[in-house]
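Spelled out from the first residue to the last, the chains are:
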Amino acid sequence: MSPRDLRGLVPPEPMEIILDDVDNGSSGQQLAYVLPHFPGPLIPLLQQRKVGFDSEMLPDMSGVVLKLVLP
């Protein structure tokens with residue numbers, strides 16, 4: 001699974017894309033995104049939806065990979 005790179009988008013577009021994917025995904029589906037920084041405002045919305053998540057900094061420090069598992 002290659003992460004979808006959302007670094008070039010203007011907020012709140014990345015969050016809208018992620019939430020749309022979450023809301024329209026299927027149980028157990030895994031999603032991944034590259035973002036320019038840790039998505040603090042998105043985390044409570046993922047928690048409300050009971051979405052599992054993890055994040056890690058890219059090796060070159062150019063962004064964060066956000067990995068999701070849908071409930």
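Residues numbered from 1 in each chain as written. Predicted model: local features only at pLDDT ≥ 70, side-chain atom pairs only at ≥ 80, totals over all residues. Heavy atoms only, no water.

The name given to the chain in an unreviewed UniProt entry is DUF2249 domain-containing protein, with Vogesella alkaliphila as the source organism.

What follows is about the sheet that holds strand E3 (residues 52-57). What the 4 strands build is an open sheet, ordered E1-E2-E4-E3; its pairing is mixed. Two strands lie at the open edges of the sheet, namely strand E1 (4-5) and E3, each paired on one side alone. Alignment of E3 against strand E4 (residues 64-69), held across 6 bridges, turns out to be antiparallel. Counted as the bridge partner of Asp-54 is Lys-67 from E4. Across the face of the sheet, helix H1 (residues 13-24) comes into contact with E1, strand E2 (30-35) and E4 while running at roughly 175° to E2. (Pairing = 2+ DSSP bridges. Helix = DSSP H or I, 4+ residues; strand = E, 2+ residues; numbered from the N terminus. Contact = heavy atoms within 4.5 Å. Axes fitted to C-alpha atoms, helices over the stretch in contact; angles between N-to-C directions.)

Turning our attention to unusual backbone geometry. The amide bond that connects Pro-11 to the next residue, Pro-12, takes the cis arrangement and shows omega of 10°. Looking at the secondary structure, you find Pro-12 in the loop between E1 and H1. Look at Met-61: it is not a glycine, yet its phi comes out positive at around 65°. When you line up the elements, Met-61 lands in the loop between E3 and E4.

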